[in-house]
Amino acid sequence: LVMEAKLRQALKMNQLECYYQPQIAITTGKIVGAELLIRWCDAEQGFIPPDHFIPMAESCGLIHAIGHFVLEQACTQGYAWLVQGLPALKLSVNVSAHQFSKGDLEQQVISILQSTAFPAHLLELEVTESALMHDKERVIRTMQQLRAAGIRLAIDDFGTGYSSLAYLQQLPLDLLKVDRSFIEKITSNDADKQISKAIIELAHTLRFDVLAEGVETAEQLALLKDMACDYYQGYYYSKPLPAEAFRQLLLQQV
Ligand code: G
Ligand code: G
Ligand code: MN
Ligand code: NA
């Protein structure tokens, strides 16, 4: 409860900050976008990892306010960078299952896009496989509405859930993100290598782009390139960065 009050306060006092992890096109080596990852730095407790406070925020309902904050941050920052003349970048926001099933996500996102003037096609929502497993009819409808508004959709942590291929085929997805657990052992474990390869082929068969998460070495990247993976993110290129550091990194490549 103390933690919940603190988180509420942190949100109000602007002590939550979004970091940006570059997403890179494998063929060109260029940054094409970034995933926003929230950070909470508390004056007394120091850095509190999202793995810790996101589940808490989900159970107490604060996730809706936090989710709104991150979406607004993405669109505001994205628009500011466009106005500054930086190359158009896709910004990816993690959307919790709770936000996804509440029923007003589409309206919320559309209203933020309108008030910030950020182009819908540069915003991507990342939803985990498990978030899509509940009310499938409704999930499909929500996704179709978001898609109709021009927003991109990605499936996060792919390979760890239980999506059937029949279901996956019905989802209006743009991007499939291969879970970091497969990439981690892609060069040392043949099963993980074959699974990654199969996921990449599956994505392409369904006409989705595919991104590998958690790439940490040149060897992993080389293998992914051979497998025709489209994009990657990971410490090999950059860890998540504060907005200004990310902007500096972008400026180096233009
Ligand atoms: O950078 P990393 O430690 O940040 O993130 C840990 C976990 O927290 C990841 O599973 C990530 O999806 C989740 N996370 C980070 N930022 C957000 C956010 O803005 N919203 C939600 N729902 N989850 C987030
Ligand atoms: O669950 P989700 O994919 O949204 O969150 C991504 C998580 O992975 C974040 O905690 C992020 O900081 C972390 N991450 C990003 N790149 C790497 C990497 O190369 N290695 C490891 N170990 N973690 C990473
Ligand atoms: Mn993610
Ligand atoms: Na992930």
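To be clear, the structure that these remarks concern was listed above.
Nothing here was measured: the structure is a model prediction, and the numbers come from that model.

S.K.: For this particular structure, what's the right way to read unusual backbone geometry?
M.R.: Across residues other than glycine, the phi torsion is negative in most instances, and most of the peptide bonds are trans. The residue Asn14 is not glycine, and still its phi comes out positive at about 65°. Residue position: Asn14 is located in the loop between α1 (2-12) and β1 (16-25). Residue Asn14 is classed as exposed on the basis of its 8 C-beta neighbours within 10 Å. Here the phi dihedral of Ala228 falls at roughly 65°; this positive angle occurs in a residue that is not glycine. Topologically, Ala228 is positioned in the loop between α10 (218-226) and β9 (231-232).

S.K.: Would you take a moment to explain the site of ligand 1 for this structure?
M.R.: Every residue close to ligand 1 is listed here: Leu36, Leu37, Ile38, Pro49, Pro50, Asp51, Ile54, Val70, Asn94, Ser96 and Pro240. Of the residues that constitute the shell around ligand 1, the class distribution is eight nonpolar, two polar and one charged.

S.K.: I keep staring at the nonpolar core and nothing clicks. Help me out?
M.R.: Within soluble globular proteins, side chains that are nonpolar generally end up buried alongside one another. Counting 63 residues, the largest nonpolar core has Leu176, Val178 and Tyr232 as the members making the most contacts within it. Per-element tally for this core: the top contributor is helix α3 (residues 63-83), with six residues. Every residue in contact with Val178, bar those within four places of it in the chain, is listed here: Phe158, Gly159, Ile183, Ser196, Ile199, Val210, Leu211, Ala212 and Glu213.

S.K.: How should I be thinking about helix α9 (residues 190-205) in this particular structure?
M.R.: Every α-helix carries 3.6 residues per turn, so stepping three or four residues along brings you back to the same face. For α9, with 16 residues, the first-to-last C-alpha span of 22 Å sits near the 22 Å given by 1.5 Å per residue. Along α9, the residues that are buried comprise Ser196, Ile199, Ile200 and Ala203. For α9, the arc enclosing every buried residue in end-on projection is 100°, short of the 170-degree limit, so these residues lie on one face. For α9, exposure combined with an orientation more than 90 degrees from the buried face picks out Asp190, Ala191, Gln194 and Thr205. Taken from the residues just after α9, Arg207 is the one with a positive phi, measuring 65°.

About the cut-offs
- Residues numbered from 1 in each chain as written.
- Chains lettered and ligands numbered in written order.
- Predicted model: local features only at pLDDT ≥ 70, side-chain atom pairs only at ≥ 80, totals over all residues.
- Helix = DSSP H or I, 4+ residues; strand = E, 2+ residues; numbered from the N terminus.
- Buried ≥ 20, exposed ≤ 12 C-beta atoms within 10 Å, placed from the backbone.
- Near = placed C-beta within 6 Å.
- Nonpolar A, V, L, I, M, F, W, Y, C, P; charged D, E, K, R; others polar.
- Core = buried A, V, L, I, M, F, W, Y, C linked by C-beta atoms within 7 Å.
- Contact = placed C-beta atoms within 7 Å.
- Expected span 1.5 Å × (residues − 1).
- Arc of directions from axis to C-beta.

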